[in-house]
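An overview of the molecular structure
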Amino acid sequence: MLRERPDTASPLCGIPLALKDVLCVENVETTAGSNILTRFVPPYTGTAVRRLFDAGMVCVGKTNCDEFAMGSSNENSSFGAVGNPWDVERVPGGSSGGSAATVAAGSVPCSLGSDTGGSIRQPASLTGVVGFKPTYGRVSRYGLIAFASSLDQIGPFARTVDDAALVYAAMAGHDPLDSTSDPRPLGDPTSEIGGGVEGLRLGVPDEYFGEGIEPAVRVAVEDALRVLESQGTVLQRVSLPTTDAGLSVYYIIAPAECSSNLARFDGVRFGLRVERPSVTDMYLATREEGFGPEVKRRVMLGTYALSSGYYDAYYRKAQKVRTVIDSEFTRAFEQVDALVCPTSPTVAFPMGDRSDPISMYLSDVLTLPVNLAGLPGISVPCGFSDGLPIGLQVIAPRFEDSRVFRIARAYEQATDWHTAAPPLGAVA
Ligand code: GLN
């Protein structure tokens, strides 16, 4: 998949890249981790990926993920689980588990994932790499298999903040093929990356350090805050009181959008078709066989939330609370330049450990409010607990993606967590 004439002046020229299998690449099977899309071969390459190919990056493979990006452990893939390179009995996080694990294992320097509620930042945290979710609208979703269109963003995984920023800079910017792509000029998101953090005000949200956060995660993140303070930032406690409701709001809005987006998979046009004498039976049999249990759960939840009689009680109400969450972030950003907190409440958990949906959904309580508000966020390695990585999350106002990089990089430069690598040969 080398371009005929890639940009040989780009620092990305010739660099290998792995792509989460929700990203369409022309003539390359793209499954979204789902049986229903086996043998689906897209006729085009999505914009973000196209731009990286134009810069000379070389796709060395597609990576496994939770089916249609629904999950936090990569256990929901139709094609099997992914091991965490730090302990293969544990999950790498999800839904972009394969993209995170392959960078953590040192197989590629960078990869792409998609983040709807945490699917880049959470697996980055659990595998000890950098994972960045851009401001909503900065990276084109054209060619990304949709999960929840008002939340989905494509972003990079890398070993360093610099590398993640370079990849982001090459793929971001307006695209007329995505109606939610933002037209304001991108500038150079890497230009201030080395500017340091002296004088920046960093907010520490009380609600992100509460119940359910593992003590080792709290300690590592508090240590990281002290490092940032020693670099000249001013730490300030802030409150985001509606954080609690984020999970409920997300699990109305994301399934509602997914039930609509996934309606197109019916055996007619894409991937799997289970032949039956009548067309209705063909639809039913294809969806019954093609979708896994978590996807079916979401489609049912979403269809219910959107059905007449329940729309106002669930969907409309969730949209109102989403607005409240958004305005709380806006208010916090009147006092501080960015927020710093843990990415994931826990380190990587053993495979099979979170079999009920709620305990799995709780994996993303600290990441999904950021998607609801469309903000940029990054996870950067900040320590270990019993040999398992911990991530620090940095969140900034919309369109301040470069500020996220600047803070994360200053922290990274002052520490050496990002240089740790799992033992060679850990991944079978
Ligand atoms: N884990 C969350 C979910 O299952 C987020 C997924 C994502 O960001 N794609 O919906």
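Reference entry: report on the structure contained in this document. (Residues numbered from 1 in each chain as written. Predicted model: local features only at pLDDT ≥ 70, side-chain atom pairs only at ≥ 80, totals over all residues. Heavy atoms only, no water.)

By the definition in use, this model includes 17 aromatic pairs. Relative to Phe 333, the ring of Phe 329 lies with its centre 6.4 Å away and its plane at 15°, an arrangement referred to as stacked. Highlighted residues: Phe 329 and Phe 333, both in helix H9 (residues 311-335), separated by 4 residues, approximately one helical turn. The burial state of Phe 329 is the same as that of Phe 333; both residues are buried. Counting every residue linked through ring pairs, the aromatic cluster contains Phe 40, Phe 68, Phe 265, Phe 270 and Phe 291. Taking the ring centre of Phe 399 as reference, the NZ or CZ of Arg 184 above it sits at 4.0 Å. Across from the ring centre of Phe 349, 3.7 Å away, lies the NZ or CZ of Arg 354, which sits over that ring. (Phe/Tyr/Trp six-rings, centres within 6.5 Å; stacked < 30°, edge-to-face > 60°. Helix = DSSP H or I, 4+ residues; strand = E, 2+ residues; numbered from the N terminus. Buried < 20%, exposed > 50% of the residue type's maximum accessible area, 1.4 Å probe, protein only. Lys NZ or Arg CZ within 6 Å of the ring centre and 35° of its normal.)

Once that is clear, we can look at the side chain of Ser 111. Tracing the backbone shows Ser 111 in strand E3 (residues 110-115). Among the polar contacts made by the side chain of Ser 111, one reaches the main-chain carbonyl oxygen of Ser 99 at a distance of 2.9 Å. With sequence-adjacent residues up to four places away left out, Ser 111 is seen in contact with Leu 17, Ala 18, Ser 99, Thr 102, Val 103, Gly 155, Pro 156 and Phe 157. (Polar contact = N/O pair within 3.5 Å; in protein donor to acceptor, adjacent residues only side chain to side chain. Contact = heavy atoms within 4.5 Å.)

Further remarks concern unusual backbone geometry. Glycine aside, a negative phi is what most residues show, and trans is what most peptide bonds show. Residue Gly 94 is joined to Ser 95 through a cis peptide bond whose omega torsion reads 10°. When you line up the elements, Ser 95 lands in the loop between strand E2 (58-63) and helix H2 (97-104). Backbone geometry at Arg 39 places phi at a positive 70°, although glycine is not the residue there. On the secondary structure map, Arg 39 appears in the loop between strand E1 (16-20) and helix H1 (47-54).

Moving on to the site of the ligand. Taken together, 15 residues are adjacent to the ligand, and Gly 117, Ser 119, Tyr 250, Arg 298 and Asp 364 come closest. Between the ligand and Gly 117 there is a distance of 2.7 Å, counted from an oxygen atom to a backbone nitrogen or oxygen. A distance of 3.4 Å separates an oxygen atom of the ligand from a polar side-chain atom of Tyr 251. Residues that form the shell around the ligand fall into these classes: 5 nonpolar, 7 polar and 3 charged. (Near = heavy atom within 4 Å. Nonpolar A, V, L, I, M, F, W, Y, C, P; charged D, E, K, R; others polar.)

Two faces belong to every sheet, and in a regular strand the side chains alternate between them. For E3, the buried fraction is high: 6 of the 6 residues fall into the buried class. Along E3, one buried face is formed by Cys 110, Leu 112 and Ser 114 and the opposite face, lined by Ser 111, Gly 113 and Asp 115, is buried too. Pairing of E3 with strand E5 (residues 153-158) involves 6 bridges; the strand directions are antiparallel. By the bridge assignment, Asp 115 is partnered in E5 with Gln 153. (Pairing = 2+ DSSP bridges.)

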